[in-house]
Amino acid sequence: MTTAPHPLVARARRLAAEVLAPRAERVDQEGVPVSSIDAVKRSGLLGVSAPVEYGGSAAPAAVARETAEILAGACCSTWFVQTQHHTPVQTLTKVELPLRERLLGPLSSGELLSGVAYAQLRAYPRVPVRVTRERGGWRFDGTVPWYTGWGLNDVMLLAGVTDSDEALFAFTEAREQPGLRPSPPMRLAALTASRTVSLELAGLWLPDEAVALRTPYETWAAGDRPRNTNASPAVFGVAEAALGLLDGDSVAAETAHALRTRLDLVRSRAYALADHPVPHERIEERLACKTQAYDLMRAATTAAVVAGGGRAMDLGSRAQRLAREGMFLLVQGQTAEVRQAHLGSLAAVD
């Protein structure tokens with residue numbers, strides 16, 4: 001008996017087939033349109049892990065991973081914009097504040113889309129964004145080097161480090177305002193479509209009621225470290241999409257079969273590690289599995305380009321787009337630890 005897919009998986013497949021994949025090459029060149037984000041909002045996928053009582057689905061982690069694979073494989077730029085949203089949702093589920101009651105419902109239902117501006121915390125002890133107490137609230141100064149979804153997000157979760165070495169996270173509207181100025185959109189080798197900018201903060205003031213989390217930096221860092229040692233579902237989604245381009249090619253089908261078999265094994269190991277009940281254990285194994293997933297994604301996208309021949313050099317080629325998206329995923333969310341493990345793995349290749 002075949003088990004029916006989870007309703008959110010079915011919605012993700014429909015969204016990918018009807019909206020994202022058909023326009024992915026155009027989006028790659030022109031940018032993620034509001035209409036694609038509206039379709040994501042209507043799908044219910046923004047609340048995949050959110051509490052049911054706030055309008056979410058509280059779906060298992062396996063469902064969240066599968067929907068992420070589907071979206072990333074269909075249009076990695078759109079996936080990247082919407083994936084930022086899930087950290088603010090998860091953050092709000094863990095706090096007992098009026099802010100939770102004000103924002104968690106709209107974020108869980110898809111009424112609002114949130115971005116994130118906290119990767120700069122990983123530069124510590126360097127402090128790109130400093131937060132200081134001022135006028136009964138908090139003042140933010142510095143530079144957020146990467147902010148994705150500008151012009152598409154409704155709100156953002158912004159973070160900095162206080163004078164007492166705390167990580168402080170607060171919500172604000174994702175728009176230019178006094179003390180917050182975006183750069184022009186960045187032109188990137190891949191995912192330029194994601195509307196990524198840098199943010200200059202010069203006295204942005206936010207009230208206490210905007211604060212979602214305030215914790216010693218070391219406490220936050222200890223929880224953040226394991227997350228980036230796990231393989232991203234997007235890596236498997238892009239690899240699967242590339243292998244799908246080979247399935248109809250009699251010459252390349254054998255290559256696709258061999259790579260898919262290996263990909264399935266690595267995916268199973270990676271997700272078993274992600275589900276391990278102690279997040280900070282088996283770090284070396286997680287990193288090794290992550291680099292194996294990178295290797296297979298790179299092999300899959302390379303095979304798609306090779307099979308496509310000269311046609312793959314056209315900017316409208318799906319194989320070439322997937323290869324560039326794969327290159328982006330090699331450094332997305334990269335930490336010094338992940339970089340070191342990946343470079344060590346590449347150095348060991350015969």
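Refer to the structure presented above.
Residues numbered from 1 in each chain as written. Predicted model: local features only at pLDDT ≥ 70, side-chain atom pairs only at ≥ 80, totals over all residues. Heavy atoms only, no water.

## Notes on the pairing of strand 5 (residues 166-173)
For strand 5, the tally of buried residues reaches seven of eight residues, placing the bulk of the element in the interior. Strand direction decides the pairing type here: strand 4 (residues 155-162) and strand 5, joined by seven bridges, are antiparallel. Its bridge partner being in strand 5, Leu158 is matched across the sheet by Ala170. The hairpin formed by strand 4 and strand 5 contains three residues between the paired strands, and Asp165 there has a positive phi angle of roughly 60°. Note that strand 5 and strand 8 (residues 211-216) share five bridges and pair antiparallel. Directly across from Ala170, in strand 8, lies its bridge partner Val211. (Buried < 20%, exposed > 50% of the residue type's maximum accessible area, 1.4 Å probe, protein only. Helix = DSSP H or I, 4+ residues; strand = E, 2+ residues; numbered from the N terminus. Pairing = 2+ DSSP bridges.)

## Remarks on the environment of Ala242
Mapping Ala242 onto the fold places it in helix 9 (residues 233-246). Those residues in contact with Ala242, other than ones at most four positions away along the chain, are Ala300, Thr301, Ala304 and Leu322. (Contact = heavy atoms within 4.5 Å.)

## Remarks on the side chain of Arg286
Within the secondary structure, Arg286 is located in helix 11 (residues 283-308). Within the buried core, Arg286 has no salt-bridge partner, and the shortest N-O distance to an opposite charge, that of Glu281, equals 6.8 Å. Setting aside residues up to four positions removed in sequence, Arg286 forms contacts with Thr229, Asn230, Leu273, Ala274, His276, Val278, Pro279 and Glu281. (Lys, Arg positive; Asp, Glu negative; His and termini not counted. Salt bridge = Lys/Arg side-chain N within 4 Å of Asp/Glu carboxyl O.)

## Topic: unusual backbone geometry
A cis amide bond, omega 20°, links Tyr124 with the succeeding residue Pro125. Tracing the sequence through the fold places Pro125 in the loop between strand 1 (114-117) and strand 2 (129-134). A positive phi is found at Arg135, a non-glycine position, where the angle reads about 50°. With respect to the helices and strands, Arg135 occurs in the loop between strand 2 and strand 3 (137-147).

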